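Spelled out from the first residue to the last, the chains are:
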Amino acid sequence: MFSSLIYQIFSQLAVGGLIAVLLVPPSAGKSFFRFCGITCLILLILALWAGPYPLALVGDFLTSASTGHALSLTLLILTGALALGFVIAVVAERQPLQKPLLAGAGLLGAAGILIDGFHGVPVDMPAFAPLLGALYSLVSALFLGSVIFAMILGHWYLVVPTLPIHPLRSLTLAVVVTTLLKVLLAGLTFYLFWTAGGLQAREVLRSFFGVGGIFFWTRVLFGLIGPTAVAYMTWETVKINSTQSATGLLYVATIFVLIGETTSRYIFYTTSIPL
């Protein structure tokens with residue numbers, strides 16, 4: 001379970017980060033994009049190295065003996081290659097190449113995350129579960145990436161004081177949107193498994209309201225309620241151009257999100273319900 005946890009969180013954070021950085025204009029400076037690109041690349045490498053899937057699965061994909069995990073792994077490796085190309089383009093100051101490489105990496109990474117989420121749900125689950133698993137993985141990636149890389153961008157206002165406010169406003173809006181998507185998707189998942197998931201799924205959900213529900217309520221408090229409140233406060237501070245206050249709030253959001261998403265993965269691996 002530990003290797004799967006590392007693989008999921010690190011790969012999703014890397015892909016979400018690549019997508020989040022797309023919202024930041026070149027005025028953030030070479031050092032910001034270099035740092036973010038290298039960070040995403042390192043996260044992807046760690047995910048692939050520590051993950052539960054052997055790299056030999058890529059050979060299965062190339063020989064047409066493809067599985068969902070083989071395709072996902074191949075797409076994430078290609079994402080890493082494009083992320084490396086992006087870092088090289090930033091270092092070499094080849095600005096016309098940076099956005100296409102970054103967009104390509106984000107697109108391939110999102111596809112890999114979706115496929116991994118779809119095939120990560122056990123085959124004996126209800127028919128709607130794989131789709132929920134795919135959405136859960138993609139929204140988690142966007143959620144992690146927007147919160148943590150918005151915090152990094154907020155810190156960059158100390159490095160580049162003349163940086164305009166609209167990049168932070170864009171990423172903060174992304175934080176608000178992805179947080180709401182997370183809340184809505186969790187509610188929809190709970191509802192579908194309760195009403196159409198069968199007796200066993202309903203018993204699992206019912207257990208969350210007992211003593212054994214500590215992980216569920218930790219997930220709700222730190223992963224949904226906390227980030228929702230902090231996202232609102234961050235948006236209000238960004239509207240008045242208070243970058244330091246916004247960055248402090250985003251540090252809090254980062255802690256909440258890491259606790260909430262880690263607990264969420266534990267719930268998923270023990271119950272197969274993507275909450």
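Residues numbered from 1 in each chain as written. Predicted model: local features only at pLDDT ≥ 70, side-chain atom pairs only at ≥ 80, totals over all residues. Heavy atoms only, no water.

What follows covers the pattern of salt bridges. This structure, assessed with the given rule, holds 6 salt bridges. The residue lysine 30 makes a salt bridge to glutamate 93 at a minimum N-O spacing of 3.5 Å. Pair noted here: lysine 30 is in helix α2 (residues 30–50) and glutamate 93 is in the loop between α4 (68–91) and α5 (95–119), with a separation of 63 residues, a long-range link. On the basis of relative accessibility, which here comes to 34%, the residue lysine 30 falls in the partly exposed class. (Salt bridge = Lys/Arg side-chain N within 4 Å of Asp/Glu carboxyl O. Helix = DSSP H or I, 4+ residues; strand = E, 2+ residues; numbered from the N terminus. Buried < 20%, exposed > 50% of the residue type's maximum accessible area, 1.4 Å probe, protein only.)

Here we come to the state of the cysteines. Per the stated rule, a full pass over the model turns up 0 disulfides. Cysteine 40 provides the cysteine sulfur closest to cysteine 36, a residue in no disulfide bond, and the two sulfurs are 6.6 Å apart. Judged by its relative accessible area of 1%, cysteine 36 falls in the buried class. Given the relative accessible area of 0%, cysteine 40 is considered buried. (Disulfide = S-S within 2.5 Å.)

Let us look at the confidence of the model for the protein chain. Averaged over every residue, the pLDDT of the protein chain is 87; the share at 70 or more is 93%. Here helix α3 (residues 57–62) stands out as the element of the protein chain with the lowest mean pLDDT, 54, in contrast to helix α7 (residues 166–196), whose mean of 92 is the highest. (pLDDT = per-residue confidence, 0-100.)

Tracing the backbone through its elements, the reader meets threonine 247 in helix α10 (residues 243–271). With relative accessibility at 7%, the residue threonine 247 sits in the buried group. In this view, threonine 247 contacts Met151, Gly154 and His155; residues no more than four positions away in its chain are not counted. (Contact = heavy atoms within 4.5 Å.)

Packing of α7 against helix α9 (residues 214–239) leaves a shortest axis separation of 9 Å and a crossing angle of 150°. Comparing their axes, α9 and α7 come out roughly antiparallel. Crossing hand, α7 versus α9: left-handed. The residues of α9 that touch α7, namely those facing Leu168, Arg169, Thr172, Leu173, Val175, Val176, Thr179, Lys182, Val183, Ala186 and Phe190, are Phe216, Arg219, Leu224, Pro227, Thr228, Ala231, Thr234, Trp235 and Val238. For the contact of α7 with α9, a count of residues per class yields 13 nonpolar, 4 polar and 3 charged. (Axes fitted to C-alpha atoms, helices over the stretch in contact; angles between N-to-C directions. Parallel < 35°, antiparallel > 145°, perpendicular 65-115°, else oblique. Left-handed = near helix turned anticlockwise from the far one by under 90°. Nonpolar A, V, L, I, M, F, W, Y, C, P; charged D, E, K, R; others polar.)

This part is about the nonpolar core. A general trend in soluble globular proteins is that nonpolar side chains are found buried together. Counting residues in each nonpolar core, the largest one holds 52 residues, and the members touching the most others are Phe32, Phe33, Phe149, Ile152, Leu153 and Leu168. Within the residue set of this core, elements represented by two or more residues are α1 (2–21), α2, α4, α5, α6 (129–159), α7, α9 and α10. Those residues in contact with leucine 168, other than ones at most four positions away along the chain, are Ala150, Leu153, Gly154, Tyr157, Val238, Thr243, Ala246 and Leu250. Among the nonpolar cores identified, the runner-up in size contains 20 residues, and Ala129, Leu132, Val220 and Leu275 belong to it. (Core = buried A, V, L, I, M, F, W, Y, C linked by side-chain atoms within 4.5 Å.)

With that out of the way, let us pick up the packing of aromatic side chains. The final tally for this structure, using the stated rule, is 15 aromatic pairs. Here the aromatic rings of phenylalanine 190 and phenylalanine 216 are separated by 6.1 Å at their centres, their planes lie at 40°, and the arrangement is tilted. One end of the pair, phenylalanine 190, is in helix α7; the other, phenylalanine 216, is in helix α9, with 26 residues separating them in the sequence. Here the two residues phenylalanine 190 and phenylalanine 216 agree in accessibility, since each one is buried. (Phe/Tyr/Trp six-rings, centres within 6.5 Å; stacked < 30°, edge-to-face > 60°.)

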